[in-house]
Protein chains: 2
Amino acid sequence: MDEFMQAAIQQAKQGRQEGGIPIGSVLIKDGKIIGRGHNKRVQDGDPITHAEIDCLRNAGRIGNYRGTTLYSTLMPCYLCAGAVVQFGIKKVIVGESKTFPGAKEFMVSHGVEVIDLNLNECQQMMSEFITEKPELWNEDIGK
Amino acid sequence: MDEFMQAAIQQAKQGRQEGGIPIGSVLIKDGKIIGRGHNKRVQDGDPITHAEIDCLRNAGRIGNYRGTTLYSTLMPCYLCAGAVVQFGIKKVIVGESKTFPGAKEFMVSHGVEVIDLNLNECQQMMSEFITEKPELWNEDIGK
């Protein structure tokens, strides 16, 4: 696992410590982290602030997303995949997709390269959380 | 035009007065407005806060989107259409799609009913804005 996925996992852990959903994300450009974020549905009472959305918001108005790579501990849902496609982010690296298959096909069909690292650590964070707070998870994925 | 689209246009006008991009949105449930929002990219320095995103955020954690209708003055882009699909919103009513064709087909292919009111007032708001500030508009649609 590279330093960027480690930074995304760190974000997920921070979210968990805040009482939130443990999903984290970072945005990379020119080998550097230019945005970090984690899911804040619980912390901010905000259904929109998924990890990737928080990360893209924190990166600010960078104007152009050419050459950026988005990392997420979990396969992006349609909301976050929609941001990827709309902003023209061409590479997404995820920690796992067993917990949630997300919108991988949608991204791929729009020319996004999606790499699934299939990491035990990411799966375990989610399965522990879902066992503890299934209602929060179901709300987050719109069930 | 019904009162809900009028409320969305009001949001768009408010955004324009704030120096922002004139796109507005409202979320309806049981015949009532439960969220209002407008694009705040400029005002908040935030690339994520499109009108529909701001509206859904302001509606808060409603849990379940069954029976909701999202109004927007402009056809939603992939980011906002992704939110519609992910949250299970089944009806979207837009002011126009001539300025921006958006992600209509994506929503329709996921079972969303999309109604385009093709309103002159909405088109004119956008064409005036784009003539005045083309760089802001190009940034917003990721060009």
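Being a predicted model, the structure only gives us computed values, none of them experimental. (Residues numbered from 1 in each chain as written. Chains lettered and ligands numbered in written order. Predicted model: local features only at pLDDT ≥ 70, side-chain atom pairs only at ≥ 80, totals over all residues. Heavy atoms only, no water.)

## Some details on the relation of the copies chain A and chain B
Two copies of the chain are present, and they differ by a rotation about an axis and a shift along that axis. Superposing chain A onto chain B takes a rotation of 180° plus a shift of 0.0 Å along the axis, which leaves an RMSD of 0.0 Å. In the structure described here, the two chain copies are related by an operation that fits a two-fold rotation axis. Judged by C-alpha distance, Gly82 of chain A is the residue of chain A that lies nearest the rotation axis, at 2.4 Å. Taken as a fraction of all interface residues of chain A, those also at the interface in chain B reach 97%, which identifies the copy contact as same-surface. (Least-squares fit on C-alpha atoms with pLDDT ≥ 70 in both. Contact = heavy atoms within 4.5 Å.)

## Some words on the sheet that holds strand β1 (residues 24-29) of chain A
Residues and elements named next belong to chain A. If you trace the five strands from one edge of the open sheet to the other, you get β2-β1-β3-β4-β5, paired in mixed fashion. At either margin of the open sheet sits one strand with a lone partner, and together these are β2 (32-38) and β5 (113-116). Strand-to-strand twist in this sheet, taken as the mean axis angle between neighbours without regard to direction, amounts to 15°. In this sheet, strand β3 (residues 68-72) lies alongside β1 in antiparallel orientation, the contact comprising five bridges. The residue bridging Val26 from the neighbouring strand is Tyr71, located in β3. (Pairing = 2+ DSSP bridges. Helix = DSSP H or I, 4+ residues; strand = E, 2+ residues; numbered from the N terminus. Axes fitted to C-alpha atoms, helices over the stretch in contact; angles between N-to-C directions.)

## Considering the packing of helix α3 (residues 51-59) of chain A against helix α4 (residues 78-87) of chain A
Residues and elements named next belong to chain A. Orientation of α3 relative to α4, taken along the N-to-C sense of each, is 40°, at an axis distance of 8 Å. Taking contact as the criterion, the partners of Glu52, Ile53 and Leu56 in α3 are, on α4, Leu79, Cys80, Ala83 and Phe87. Its residues assigned to classes, the contact of α3 with α4 shows six nonpolar, no polar and one charged. (Nonpolar A, V, L, I, M, F, W, Y, C, P; charged D, E, K, R; others polar.)

## Here we look at the packing of aromatic side chains
Here the structure, examined in full by the defined rule, presents eleven aromatic pairs over all chains. Note on Phe4 of chain A and Tyr71 of chain A: the rings are 5.6 Å apart at their centroids and 65° apart in plane angle, and the pair reads as edge-to-face. Here Tyr71 of chain A lies in strand β3 and Phe4 of chain A lies in helix α1 (residues 3-17), a separation of 67 residues in the sequence. Like Phe4 of chain A, the residue Tyr71 of chain A is buried in the burial classification. Between Phe106 of chain A and Phe106 of chain B the ring centres are 4.6 Å apart and the planes differ by 25°, which places this aromatic pair in the stacked class. Here the residue Phe106 of chain A occupies a position in helix α5 (residues 104-109), and Phe106 of chain B occupies one in helix α5 (residues 104-109), the pair thus bridging two chains. Taken as a pair, Phe106 of chain A and Phe106 of chain B share a single burial class, namely buried. (Phe/Tyr/Trp six-rings, centres within 6.5 Å; stacked < 30°, edge-to-face > 60°. Buried < 20%, exposed > 50% of the residue type's maximum accessible area, 1.4 Å probe, protein only.)

## Thoughts on α4 of chain A
Because an α-helix completes one turn every 3.6 residues, residues spaced three or four positions apart along the sequence face the same direction. Counting buried residues along α4 of chain A, nine of its ten residues qualify, which places the element largely inside the surrounding structure. Buried residues along α4 of chain A sit against α3, β3, β4 (91-94) and α5 of chain A together with α3 (51-59) and α4 (78-87) of chain B. Two residues or fewer after α4 of chain A comes Gly88 of chain A, characterised by a positive phi angle close to 80°.

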